[in-house]
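Next come the chains, spelled out residue by residue.
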Amino acid sequence: MTANNREIVVRAEGLVKKFNDFRAVDGLDLTIERGMIYGFLGPNGSGKTTAIRMLTGLLTPSEGTVEVLGLAIPKDAETLKYKIGYMTQTFSLYGDLTVLENLDFMATIYGLGRKKRKQRIAEVMERYQLSDLKNRFAGKMSGGQRQRLALATAVLHEPQLLFLDEPTSAVDPESRRHFWEELFDLVEGGTSIIVTTHFMDEAERCHKIAILEAGQKRADGAPKELMAALGANVVEIEARNLRDIRRGLLGSDGIMAAAQLGARLRVLVRDDIADPEAFLKDKPETDGASVIERVRPNLEDVFVTATGEGRQ
Ligand SMILES: Nc1ncnc2c1ncn2[C@@H]1O[C@H](COP(=O)(O)OP(=O)(O)OP(=O)(O)O)[C@@H](O)[C@H]1O
């Protein structure tokens, strides 16, 4: 399977998951190439975890087709299990087992032979700075340490494809940065990664992202391409009465969103308005504003325009 000579690791068409009448995932099409970090970005409840669970073969789709690493899912889910790693939101570790015991247990589940098991456990302990913690109970570790152990267990069997469900929500910014460096090392070594996140800065690190809302894909592509194709110009306003300005602007023609960031109001103006700064200066609401200036779009602007955020 190739597209533009790059191998495809995930292909999903018309993927639907219904819980009774509720469509948690609602007609998702995905094409994910090998050797990249692909992000699912979306608000709570947008279907990210449900989509990942279907791609890993843990949940049976209600409709649609899925192929992962060339295997038809869910039919070949058992074979797929040995080729993928999955790090869940809750880092499914055993709190009353030590680091070493957790790794040993998972290595057995993955069916690694005795020699390979020893070798890989030593490698991942070294790689993820777990050697000094090997006798620590997982339940007694910090968020960052648990995250490193969860990643170590997910890659023990050297999976071709790694799924990470909000891997950094429980850790501090430094651990997050470090974790992302580890992910890029894995990609360099040939692993493809699919990651869900709420964080814009994390989404910006992905090679490509899909923005999900209400189980549907609202946009996808490289973060830079999405920012370039925003369909809006971004203008920031500084004034004393930003809350009033925001209320006044929201809902008026040409304004796609307005959100306060500290002492500034960030306004998305439809890009068919030729001079967005002049357009805003002409509005009576902005009388008395000290600054009205155009700024560069970021991924949050893409998120806001792609989803319903910021329109309320
Ligand atoms: N087993 C289930 N039974 C019924 N509803 C479910 C089930 N699993 C998920 N849902 C619902 O499906 C929707 C999507 O949930 P999902 O966990 O996939 O979202 P998410 O984008 O991963 O959210 P979060 O960012 O909060 O983890 C939610 O409304 C959730 O309540």
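Preceding this paragraph is the structure being described.
Residues numbered from 1 in each chain as written. Predicted model: local features only at pLDDT ≥ 70, side-chain atom pairs only at ≥ 80, totals over all residues. Heavy atoms only, no water.

J.: What should I look at first to understand the packing of helix 5 (residues 143-155) against helix 6 (residues 173-188) in this one?
T.: In a pair of packed helices, the angle between the axes and the distance between the axes together describe the arrangement. Between helix 5 and helix 6, the shortest axis-to-axis distance is 11 Å and the interhelical angle comes to 15°. One way to sum up the angle between helix 5 and helix 6 is to call them roughly parallel. Where helix 5 crosses over helix 6, the handedness of that crossing is right-handed. Here helix 5 contributes G144, Q147, L151 and V155 to the contact with helix 6, which in turn contributes S175, F179, E182, L183 and L186. (Axes fitted to C-alpha atoms, helices over the stretch in contact; angles between N-to-C directions. Helix = DSSP H or I, 4+ residues; strand = E, 2+ residues; numbered from the N terminus. Parallel < 35°, antiparallel > 145°, perpendicular 65-115°, else oblique. Left-handed = near helix turned anticlockwise from the far one by under 90°. Contact = heavy atoms within 4.5 Å.)

J.: Hey, could you run me through the site of the ligand in this one?
T.: Looking at the ligand, there are 14 residues lining it, with N44, G45, K48, T49 and T50 nearest. Here an oxygen atom of the ligand and a side-chain polar atom of K48 are 2.8 Å apart. Taking 630 Å² as the accessible area of the ligand by itself, protein coverage stands at 60%. Within the residue set of the shell around the ligand, elements represented by two or more residues are strand 3 (22-33) and helix 1 (48-55). In terms of residue count, the dominant contributor to the shell around the ligand is helix 1 (three residues). Taken together, the residues of the shell around the ligand break down into four nonpolar, eight polar and two charged. (Near = heavy atom within 4 Å. Polar contact = N/O pair within 3.5 Å; in protein donor to acceptor, adjacent residues only side chain to side chain. Areas by Shrake-Rupley, 256 points an atom, 1.4 Å probe, with all protein chains shown as cover. Nonpolar A, V, L, I, M, F, W, Y, C, P; charged D, E, K, R; others polar.)

J.: Just checking my understanding: could you explain unusual backbone geometry for this structure?
T.: Trans peptide bonds make up most of the peptide bonds, and negative phi angles are found at most residues other than glycine. Residue P74 is reached from I73 by a cis peptide bond, and omega for that bond is 10°. Turning to its location among the elements, P74 is positioned in the loop between strand 6 (71-73) and helix 2 (77-80). Positioned with a positive phi, L69 is a non-glycine residue whose angle comes to about 50°. With respect to the element layout, L69 can be found in the loop between strand 5 (63-68) and strand 6. Despite not being glycine, Q129 has its phi angle at roughly 50°, a positive value. By relative accessible area, Q129 is classed as partly exposed at 38%. (Buried < 20%, exposed > 50% of the residue type's maximum accessible area, 1.4 Å probe, protein only.)

J.: Which parts of the structure should I look at to understand the pattern of salt bridges?
T.: A pair can form between side chains of opposite charge whenever their charged atoms are brought close. The full count for this structure, using the stated rule, is 23 salt bridges. One salt bridge connects R176 with D201, and the closest N-O pair in it is separated by 2.7 Å. A residue pair is termed long-range when its members are at least 10 positions apart, and R176 in helix 6 and D201 in helix 7 (residues 200-205) qualify at 25 residues. Linking R270 and D272 is a salt bridge whose minimum nitrogen-to-oxygen distance equals 3.0 Å. Put simply, E236, E238, R264, R266, E293 and D301 are held in one network by salt bridges that share partners. (Salt bridge = Lys/Arg side-chain N within 4 Å of Asp/Glu carboxyl O.)

J.: I tried to follow a nonpolar patch on the surface on my own but got confused; where do I start?
T.: Together, Y94, F105 and I109 line one region of the surface with nonpolar side chains, adding up to about 270 Å² of accessible area. Examined against the element boundaries, Y94 turns out to sit in the loop between strand 7 (84-87) and helix 3 (99-109). (Patch = residues over 30% accessible without salt bridge, like charges linked within 9 Å, V, L, I, M, F, W, Y side chains within 5 Å.)

J.: Sorry if this is basic, but what is going on with the sheet that holds strand 10 (residues 208-213) here?
T.: By way of backbone hydrogen bonds, the strands of a sheet pair with one another, either parallel or antiparallel. Judged by pairing direction, the sheet is mixed, and its six strands sit side by side in the order 7-8-9-4-10-11 without closing on themselves. Bordering the open sheet on either side are strand 7 and strand 11 (216-221), each of which pairs with just one other strand. Looking at each pair of strands side by side, their axes are set apart by 15° on average, direction ignored. When strand 8 (residues 161-165) meets strand 9 (residues 192-197), the two strands line up parallel, connected through five bridges. Looking at strand 9, one finds that F163 is bridged to I194. Helix 5 rests against strand 7 and strand 8 of the sheet, and its axis sits at about 160° to strand 7. (Pairing = 2+ DSSP bridges.)

J.: Sorry if this is basic, but what is going on with the pairing of strand 4 (residues 37-41) here?
T.: Residues in a regular strand project their side chains so that they alternate between the two faces of the sheet. The buried fraction of strand 4 amounts to five of the five residues, a majority that puts the element mostly inside the structure. With burial as the criterion, each face of strand 4 is covered, one bearing I37, G39 and L41 and the other bearing Y38 and F40. Where strand 4 and strand 9 come together, five bridges link them in parallel fashion. If you follow L41 over to strand 9, its bridge partner there is T197.

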